[in-house]
Amino acid sequence: MIKRDVENIFRKGNNFLLASHLNPDGDAVGSLLGLGLTLRELGKNVTITSPHPVPRTFSFLPGYELIQEPGNLNSLTFDVGVVLDCTEVERTGKETEGLLKNCNTLLNIDHHVSNTNFGNLNLVDTDAAATGELIFEILEEMGVPITPEIATNLYVAIVTDTGSFQHQNTTARCHRNAASLLGLGAAHARAYQLLYEERSLKSMRLLEKCLRTLSVSEDGLVAWMAVPQKYLIETGCGIEECEDLVNYPKSISGVEVGILFKQVSNNEVKVSFRSKSYVDVNSLAASFGGGGHERAAGCTVHGTLKDVERRVLAATVNFLLDAKGATST
Ligand SMILES: [Mn+2]
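Residues numbered from 1 in each chain as written. Predicted model: local features only at pLDDT ≥ 70, side-chain atom pairs only at ≥ 80, totals over all residues. Heavy atoms only, no water.

A. Broad picture of the pattern of salt bridges. Following the criterion strictly, the structure yields 15 salt bridges and no others. Between Arg4 and Glu141 there is a salt bridge, with its nearest N and O atoms 3.9 Å apart. Of this pair, Arg4 sits in helix H1 (residues 2–12) while Glu141 is found in helix H4 (residues 131–142), placing the two residues 137 residues apart along the sequence. Accessibility expressed as a relative area gives 38% for Glu141, which makes it partly exposed. With its nearest N and O atoms 3.6 Å apart, the salt bridge here joins Glu294 to Arg295. (Salt bridge = Lys/Arg side-chain N within 4 Å of Asp/Glu carboxyl O. Helix = DSSP H or I, 4+ residues; strand = E, 2+ residues; numbered from the N terminus. Buried < 20%, exposed > 50% of the residue type's maximum accessible area, 1.4 Å probe, protein only.)

Okay, structure coming up:
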């Protein structure tokens, strides 16, 4: 059984490198720190790295200060590399990928349907709401002590990946795991406040501007919003402050697919997709070289903002026609 093999690696390994994806989210950070703090409690040497700086929103998470930039780690070697919440090893960034390839054992723990099983050992469970949930289940099975600090990290992984238990991936299983984590002392009220009630005024100004770009397709099934680079400059916001904006188009009555276009440069646009009930946006994003989950996915498309909007919307409309055809037969 794979979970047993993972447990064995956690018990027998000595020098661990823990890594997750570019643009780290709550599941990435919570999983890294939840597992990292546990392995440290077990007396292991643990190095935790992130290819991009972890958003300040997560700075309240216990162990936050342990996260290192990969550039500082070149002289180190590790026997076990653990990749969390990544569909492929490339998602960890070039520098980290190099470090991981030198590990004797590469462990892949994830819940994305598009995972490529790149590890020597792959624990990929697409029914899990979050990678943090998988980590919790392994730790629980191992019977290792789970401190309130560890519980808070794993709880935040589940809360953020389920959109506070609102997204379709919310299951009885993830509620049970969240309940166990609360029982272990996860600081849920503090986490809620620091995650959702610490918005900057400038991010609200950005929202105000972006809402003016909100558009809906003629049939009312697709809604989208854009974040032109100049809005970021005018408001002084970073791209990480766009994280939840895609929920606004999606939240409109009758809309099935919500899309957010974030202009990264003159020739590059990050696209986020969300769907409500039947469109598999993972496949839609994959047609542009991206991926994710059935109800939440993304991709990066090269071209001007207008050009990318046009291409992606055309593909979405076609995709919806196919999806509707498939559900009505
Ligand atoms: Mn995740």
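And the narrative resumes.
B. Inspection of unusual backbone geometry at higher detail. Of note, Asp85 is a non-glycine position whose phi angle comes to about 65°, a positive value. Judged by its relative accessible area of 3%, Asp85 is buried.

C. How the structure looks around the pairing of strand E1 (residues 15–19). By the criterion of burial, E1 is predominantly enclosed, with four of the five residues buried. By the bridge criterion, five bridges tie E1 to strand E2 (residues 45–49) in an arrangement that is parallel. The residue bridging Asn15 from the neighbouring strand is Asn45, located in E2. Handedness of the E1-helix H2 (residues 26–41)-E2 crossover: right-handed. (Pairing = 2+ DSSP bridges. Right-handed = clockwise from strand over helix to strand, strands pointing away.)

D. Spotlight on the sheet that holds strand E10 (residues 268–275). The mixed open sheet is built from six strands, whose spatial order is E7-E8-E9-E10-E12-E11. Every other strand in the sheet has two partners, leaving strand E7 (215–216) and strand E11 (291–292) as the edge strands with one partner each. Judged from the seven bridges that link them, E10 and strand E12 (residues 296–302) form a sheet pairing that is antiparallel. The residue bridging Glu268 from the neighbouring strand is His302, located in E12.

E. The arrangement of the side chain of Thr152 in detail. By secondary structure assignment, the location of Thr152 is in helix H5 (residues 148–161). When its relative accessible area of 8% is taken as the criterion, Thr152 is described as buried. Beyond its immediate sequence surroundings of up to four residues, Thr152 is in contact with Leu61, Pro62, Gly185, Ala186 and Ala187. (Contact = heavy atoms within 4.5 Å.)

F. Geometry of the packing of aromatic side chains. Tallying each qualifying case throughout the model produces three aromatic pairs. With a centroid separation of 6.4 Å and an interplanar angle of 55°, the aromatic rings of Tyr155 and Phe165 are classed as tilted. Separated by 10 residues along the polypeptide, Tyr155 in helix H5 and Phe165 in the loop between H5 and helix H6 (172–183) bring together distant segments of the chain. Using a relative accessible area of 11% as the deciding quantity, one classes Tyr155 as buried. You can call Phe165 partly exposed: its relative accessible area is 22%. Directly above the ring of Tyr231 sits Lys209, whose terminal nitrogen or CZ lies 5.7 Å from the centroid. (Phe/Tyr/Trp six-rings, centres within 6.5 Å; stacked < 30°, edge-to-face > 60°. Lys NZ or Arg CZ within 6 Å of the ring centre and 35° of its normal.)

Function-wise, these values are silent; they only describe arrangement.
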